[in-house]
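# Close look at the chain arrangement
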Amino acid sequence: MNTRKQGAQKEEQVCACLLSKGVRICERNFRCRQGEIDIIGYDGAYLVFFEVKYRSGGSKGTAAEAVGYAKQKRICRVADYYRVVHHCMEDTPIRFDVVAVDGETINWVKNAFDYLAWR
């Protein structure tokens with residue numbers, strides 16, 4: 001199985017997991033010039049931007065470790081764009097979560113990183 005197909009399959013599993021935990025998914029694979037966010041949804045009152053990372057083994061570290069500073073900054077840029085395009089209110093609470101899939105284990109890390117201003 002190629003990497004892209006395997007990634008899509010893992011995202012499907014993550015979506016099913018999030019839905020079972022009450023997350024209302026609004027968008028998947030939101031793309032713009034600034035980059036991409038895997039999943040966008042609501043967890044209660046929070047508008048959450050989810051980054052999904054998969055690692056089949058530990059030779060390259062854990063999946064959560066793959067979301068470094070540069071990736072976090074890019075996600076924040078895309079989140080800003082999404083909020084403008086979709087007219088999200090300034091007072092809408094937001095959160096950045098990482099869903100790490102290590103092998104067959106899904107680990108949802110809520111509030112994995114803080115908003116990073118990019119200007």
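Everything numeric here is computed off the predicted structure, so don't read it as measured data.

We now examine the overall build of the chain. Scanning the chain from N- to C-terminus turns up two helices and five strands. Along the chain, from the amino end to the carboxyl end, the secondary structure elements read α-β-β-β-α-β-β. Whereas a compact globule of 119 residues would reach a radius of gyration of roughly 14 Å, the chain reaches 14 Å, a difference of no more than 12%. Taken along its principal axes, the extent of the C-alpha atoms in the chain is 40 × 30 × 25 Å.

Of all hydrophobic cores here, the largest spans 17 residues; its most connected members are Ile-37, Ile-40, Phe-49, Tyr-82, Phe-96 and Phe-113. When contributions to this core are tallied by element, the ones reaching two or more residues are β1 (24-32), β2 (35-43), β3 (46-55), α2 (69-85) and β4 (94-102). Ranked by residues supplied to this core, first place goes to α2 with five residues. Excluding its chain neighbours within four sequence positions, the residues that come into contact with Phe-96 are Phe-49, Ile-75, Cys-76, Ala-79, Asn-111, Ala-112, Phe-113, Asp-114 and Tyr-115. With eleven residues, the next largest nonpolar core counts Cys-15, Leu-18, Ile-39 and Phe-50 among its residues.

Compared with the 24 Å implied by 1.5 Å per residue over 17 residues, the 25 Å span of α2 between its first and last C-alpha is a close match. For α2, the full list of buried residues reads Gln-72, Ile-75, Cys-76, Val-78, Ala-79, Asp-80, Tyr-82 and Arg-83. Those residues of α2 that are buried lie in contact with β1, β2, β3, β4 and β5 (105-113). In the segment just after α2, His-87 is the residue with positive phi, at about 55 degrees.

Enumeration over the complete set of coordinates arrives at nine salt bridges. Here Glu-104 makes a salt bridge to Lys-10, at a shortest N to O gap of 3.2 Å. In this pair, Glu-104 sits in the loop between β4 and β5 while Lys-10 sits in helix α1 (residues 3-20), placing the two residues 94 residues apart along the sequence. Of the residues examined, Lys-10 reaches a relative accessible area of 4% and is grouped as buried. A salt bridge links Arg-83 to Asp-80; the shortest N-O distance between them is 3.7 Å. Highlighted residues: Arg-83 and Asp-80, both in helix α2, separated by three residues, approximately one helical turn. Given a relative accessible area of 12%, Asp-80 falls into the buried group. Via salt bridges that share partners, Asp-43, Arg-95, Asp-97 and Lys-110 belong to a single interconnected network.

The next thing to look at is α1. Here α1 contains 18 residues, and its C-alpha end-to-end distance of 26 Å stays within 8% of the 26 Å for a straight helix at 1.5 Å per residue. Looking only at α1, the buried set comprises Lys-10, Glu-11, Val-14, Cys-15, Cys-17 and Leu-18. One face of α1 carries all of its buried residues, which in axial projection span an arc of 160 degrees. Exposed and facing more than 90 degrees away from the buried side of α1 are Lys-5, Leu-19 and Ser-20. In the core, the buried residues of α1 are packed alongside β1, β2, β3, β4 and β5. Two residues or fewer after α1 comes Gly-22, characterised by a positive phi angle close to 95 degrees.

Analysis parameters
- Residues numbered from 1 in each chain as written.
- Predicted model: local features only at pLDDT ≥ 70, side-chain atom pairs only at ≥ 80, totals over all residues.
- Heavy atoms only, no water.
- Helix = DSSP H or I, 4+ residues; strand = E, 2+ residues; numbered from the N terminus.
- Rg over C-alpha atoms; globule rule 2.2 N^0.38 Å.
- Core = buried A, V, L, I, M, F, W, Y, C linked by side-chain atoms within 4.5 Å.
- Buried < 20%, exposed > 50% of the residue type's maximum accessible area, 1.4 Å probe, protein only.
- Contact = heavy atoms within 4.5 Å.
- Expected span 1.5 Å × (residues − 1).
- Salt bridge = Lys/Arg side-chain N within 4 Å of Asp/Glu carboxyl O.
- Arc of directions from axis to C-beta.

Distances and angles like these do not, on their own, reveal function.
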